[in-house]
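Analysis of the macromolecular model
Residue-level listing of the chains:
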Amino acid sequence: MQHLLELAFDDPDEASRLAEALLDTSDDSITRSWALQCLGIVFREAGRLDESVAVLRRGLAEATRARSLDRICDVRSTLGITLVFGGRTRSGLSHLAKAVGAEAASHRVVAKALMLQAMGQGYSGGFADARTSLHRSLARVRAAGDPVWEARTLVNLAHVALRLGLASEAEHSIELAERLFRGEGAAVEALDAVGNRGEIAAFRGDLASALRWYGLAVDGATRAGVPVRPELAELRVSAMRAAGLAEEAVGMMREALSEDSQARAKTAELRLTLAEALLAAGHPDEALATARRARDEFRAQRREWHRLRARLLVARALAARSGRPGHDIADIADKLDAQGADEAPLALTLAGRVAQRDDRVPLLRRAMSYRTRANGLVRASAHLAGALACEECQDRAGVLRACAAGLDAIDEHRRLMGSSELRALATTHGRELTEIALRHAAHDPRTLLRWSERTRATALAQPPATSDAATIPASLAALRDNGRRLAEARQAGEPTEELEKERLRLERAVRTEHHTQSAAGTDPQRPAAVEDIVAGVGDGCLVELVDVDGTLHVLVVHNGRVRRKVAGSTTEVADLLAPAAMLLRRAARGRPADTADIGRRLQEAILGDAVRLIPDGPVTLAPTARLHGLAWSLLRALHDRPFAIVPSAGQWLRATNAERPDPQRTVLVAGPELESGGAEVPVLAQRHPGAVLLDGPHATLGAVLDALDGADLAHLATHGRFRADSPLFSALDLADGPLTVHDLERLRTAPYRVVLSACESGVLAPVGAQELLGLAAALFSIGTAGLVSSVGEVNDAATADLMVGLHDGLAGGADPAAALLAVRRAAADDPVAAGTAAAFVALGV
């Protein structure tokens, strides 16, 4: 009859039918106890907990009537864990203790009772007791010679060991469990072990591996036709949230909570995970309401371990909404600290921020004690507390040391990720450390430059994990094919709704696969030293903009000196960006647009008095992430001089040291449906007789990528689309579909210089803390030294003429910045050409 209980999990409808039939036809108490136990499990898993308890009590009465110790022990243990799940923790644990105490029962039955007792103990936060119960269960089940139950016990042991911080024990248990499941043909249950591997990876801070394991478990469940367990959804969403994918985590958690059956018994846990995702996504009001509801559910279920974490989340949501975490934060922090929980430094820091002055530093120093934990994010939160403690003590050097240690911990966390998107998003965890460090570094120009470089464009210093991949993933190949069919359907005027739905599904698959990539083999470069930057600039000029508490500080590096001026507020600058972009659009469309006034206001807000420190001649600018989309030639100080834009001084140094390929190969590409037909490409082909020319149907994605690999100069005349919602799907249109950032990241050798004539091809999305994503960022990350691209709308016909002039300058030995200056000067008398020229910027060297 054991198969009837297994069927309750695998096919509840069939299990219910068989159990009801047995109850209708049998008067045997043993048989009836099996049938009632089966129905109790079916009701419990469907969330019908009151009905489940009632049926299981009847089953226990039947087992007692039959005087079968095994049946009494087995049904009582099922009743006990069901009571715990239903919030009647004390009664449930009492039943489980009685079941475990049935020493005369068989090894297998007592082993199962011990495992369920451990689940009940862990469910209420007693993980040390649960571990003891599981080791006792393991001895019993091995004595009974039951490999499947041994594997189930090991899965639970791994979960408990991880809660106690015993990652190696958890990993050993899971490896053994997976082997046992697969050896017994229990492929579906082996998926539990796969999910636990993800949990272990997340505990160690390796979120890329965690997401990969969770994805394998979900895919396996889908192929097997079984629902994804709510516990797996909960773990996966927690990893996504930690990886910076908060909005996606919210969507996935809402879906899990909307399930009709399995999620109901885990509603409080799922609600708490949803609240965490909502808070990370910047929705504190909804996070607060959701966390409060979870807290109240845990209190009703007498589950203090979980309730304590819900209380912390309520405090965090309150702090995010109003700056005050609530009156009970000190109690929460004390209890988490007594448990040695990973959440303790966060709680202690919250308590320290609002404590009385004499209590503040002791609380922060208690949080500092967690700075040796295995998980990098936990260490970073401890170092943040250290920085705040040093700030209280007016120890500026101590603040900067703590911030450096915290950012090092986040770097360690980030470097395990192969995805450029996740690396950029991971820096969000260090935003406050960055803000504190810049505030305390602002007094000295060289110190501020060092810290600015430490905290910007770090994701670009490490090549993406896919850059040397030899084969194209199926999901990316399918997305390319979808892009081709979409282009054909649009051209033919056919409906595209279904193709658009397919595109969204394929994009999700590509992103998911991208997020599971482990870090590339090469180590990221360390931030450039101030001495190297100053030496590299020499008698040139580097201007780096730094946002310090909402105010722009302008660092001017020239002739061995670093000088600082304070300019306008970031709010003031942000208010000017939209009007500037609108004027450029007007100019590109042939309408009158006077940009002198907006240029003057931008210059005053962005550079201020620092303009007087900038010498004549070329300038390299390293703006803040949010200013990369500005048409910089609108500023009077820059319009009539060569200038280049770089994400960071360190990236500029790497670009200046990049080696040009030998032999030097030029690639010319003309994409489809350009108003000008890519008119500059034939002209450029005549001037570069040895160039690789790809136009019309020959400008396919495969051919273009092959040609770009290792090229010296590549010119791509194509339509472009910047995707603010997902920058890695920003694309250039080719004959057979879009070329995306995901495609560029697969190049083995970056082209040395690239000219992109498409609209918005140079727009970069600011993400994380001073990180950038987009086509230009992808090229920089794989090693491209220089790029000419637009940051706004351009006129196709005017662009064609401007590009010919640009290439004349490059062929004459000018760098992109000098060549663009010549183009701007030549276009000065034509409003459309001038507006189009202003939209182009030189990035890099």
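Here we summarise the structure given alongside this text. (Residues numbered from 1 in each chain as written. Predicted model: local features only at pLDDT ≥ 70, side-chain atom pairs only at ≥ 80, totals over all residues. Heavy atoms only, no water.)

1. As for the overall build of the chain
- In terms of regular secondary structure, the chain is built from 39 helices and 16 strands.
- For the chain, the C-alpha radius of gyration of 31 Å lies close to 28 Å, the compact-globule estimate for 845 residues.
- The C-alpha extent of the chain, read off along each of the three principal axes, is 100 × 70 × 45 Å.
- Looking at the chain residue by residue over its 845 residues, the buried ones come to 58%.
- Sequence-distant contacts in the chain: of pairs separated by 6 or more residues, those separated by 24 or more amount to 68%.
- Accessible area of the chain: about 33,800 Å², with a carbon and sulfur share of 49%. (Helix = DSSP H or I, 4+ residues; strand = E, 2+ residues; numbered from the N terminus. Rg over C-alpha atoms; globule rule 2.2 N^0.38 Å. Buried < 20%, exposed > 50% of the residue type's maximum accessible area, 1.4 Å probe, protein only. Contact = heavy atoms within 4.5 Å. Areas by Shrake-Rupley, 256 points an atom, 1.4 Å probe, with all protein chains shown as cover.)

2. Re the packing of helix α14 (residues 246-257) against helix α15 (residues 267-280)
- Two elements in contact, α14 and α15, have axes whose closest approach is 8 Å; the angle formed by their N-to-C orientations is 160 degrees. With respect to α15, the element α14 is oriented roughly antiparallel. Seen from above, α14 lies across α15 with left-handed handedness. Residues Ala246, Ala249, Val250, Met253, Arg254, Ala256 and Leu257 of α14 lie in contact with α15, whose contacting residues are Thr267, Leu270, Arg271, Thr273, Leu274, Ala277, Leu278 and Ala280.
- Split into classes, the residues belonging to the contact of α14 with α15 amount to 11 nonpolar, 2 polar and 2 charged. (Axes fitted to C-alpha atoms, helices over the stretch in contact; angles between N-to-C directions. Parallel < 35°, antiparallel > 145°, perpendicular 65-115°, else oblique. Left-handed = near helix turned anticlockwise from the far one by under 90°. Nonpolar A, V, L, I, M, F, W, Y, C, P; charged D, E, K, R; others polar.)

3. A word on the environment of Arg254
- Looking at the element boundaries, Arg254 is found in helix α14.
- Beyond its immediate chain neighbours, meaning those up to four positions away, Arg254 contacts Leu274, Leu278 and Glu286.

4. Re the sheet that holds strand β9 (residues 720-721)
- Taken together, the 3 strands give an open sheet; going across it, the order is β9-β10-β11, and neighbouring strands pair in antiparallel fashion. Taken across any chain shown, the strands that pair with only one partner, and hence form the sheet edges, are β9 and β11 (737-740).
- In this sheet, β11 lies alongside strand β10 (residues 731-734) in antiparallel orientation, the contact comprising 4 bridges. Note that in β11 the partner of Asp733 across the bridge is Pro738. (Pairing = 2+ DSSP bridges.)

5. Concerning the nonpolar core
- Among the nonpolar cores identified, the biggest contains 120 residues, and Val543, Leu602, Ile606, Trp632 and Leu716 are the most heavily contacted of them.
- The greatest single-element share of this core, amounting to 8 residues, is contributed by α15.
- Beyond its immediate stretch of four places on either side in the chain, Leu602 contacts Leu576, Leu577, Ala580, Leu607, Leu630, Leu634 and Leu635. (Core = buried A, V, L, I, M, F, W, Y, C linked by side-chain atoms within 4.5 Å.)

6. Thoughts on helix α3 (residues 29-45)
- For α3, built from 17 residues, the straight-helix expectation of 24 Å at 1.5 Å per residue is met to within 8% by its first-to-last C-alpha distance of 24 Å.
- Phi turns positive, to about 85 degrees, at Gly47, one or two residues after α3. (Expected span 1.5 Å × (residues − 1).)

7. Things to note about the pattern of salt bridges
- In the structure shown here, the tally under the stated rule is 59 salt bridges.
- Across the pair Glu150 and Arg142 runs a salt bridge, and its minimum N-O distance is 2.8 Å.
- In this structure Arg142 comes out as partly exposed when scored by relative accessible area, which is 44%.
- Linking Glu432 and Arg353 is a salt bridge whose minimum nitrogen-to-oxygen distance equals 2.8 Å. Taken together, the residues span a long stretch of sequence, with Glu432 in helix α24 (residues 431-441) and Arg353 in helix α19 (residues 344-354) at a distance of 79 residues.
- Taking the relative accessible area as the measure of exposure, Glu432 reaches 29% and is therefore partly exposed.
- Connected via shared salt-bridge partners are Asp481, Arg484, Arg485, Glu488 and Glu502. (Salt bridge = Lys/Arg side-chain N within 4 Å of Asp/Glu carboxyl O.)

8. Some remarks on the packing of helix α37 (residues 796-811) against helix α38 (residues 816-826)
- Where α37 meets α38, the axes come as close as 8 Å, and the angle between the chain directions of the two elements is 135 degrees. In terms of axis orientation, α37 runs oblique to α38. In the packing of α37 onto α38, the handedness of the crossing is right-handed. Residues Leu802, Gly805, Leu806, Gly809 and Leu810 of α37 form the contact with α38, whose own contacting residues are Pro816, Ala819, Leu820 and Val823.
- Considering only residue class, the contact of α37 with α38 consists of 7 nonpolar, 2 polar and no charged.

9. Points about the side chain of Asn482
- As for its position among the elements, Asn482 is in helix α26 (residues 474-492).
- By relative accessible area, Asn482 is classed as buried at 1%.
- A polar side-chain atom of Asn482 sits 3.1 Å from the main-chain carbonyl oxygen of Leu499.
- Leave out the neighbours within four places in its chain, and Asn482 touches Leu499, Glu502, Arg503 and Leu506. (Polar contact = N/O pair within 3.5 Å; in protein donor to acceptor, adjacent residues only side chain to side chain.)

10. Description of helix α30 (residues 596-606)
- When α30 is considered as a whole, its buried residues turn out to be Ile598, Gly599, Leu602, Gln603, Ala605 and Ile606. Taken around the axis of α30, the buried residues stretch over an arc of 170 degrees, which confines them to a single face. Every exposed residue of α30 that faces more than 90 degrees away from the buried side is listed here: Ala596 and Glu604.
- In the core, the buried residues of α30 are packed alongside β1 (542-548), β2 (551-558), β3 (561-569), α29 (570-588) and α31 (636-639).
- One or two residues past the end of α30 sits Gly608, with phi positive at roughly 55 degrees. (Arc of directions from axis to C-beta.)

11. Details of the pairing of strand β12 (residues 753-756)
- Judged by which residues are buried, β12 turns out to be covered on both faces: Arg753 and Val755 on one side and Val754 and Leu756 on the other are all buried.
- By the bridge criterion, 4 bridges tie strand β8 (residues 713-717) to β12 in an arrangement that is parallel. Bridging across to β12, Leu716 finds its partner in Leu756.
- Strand direction decides the pairing type here: β12 and strand β15 (residues 786-790), joined by 3 bridges, are parallel. The residue bridging Val754 from the neighbouring strand is Leu787, located in β15.

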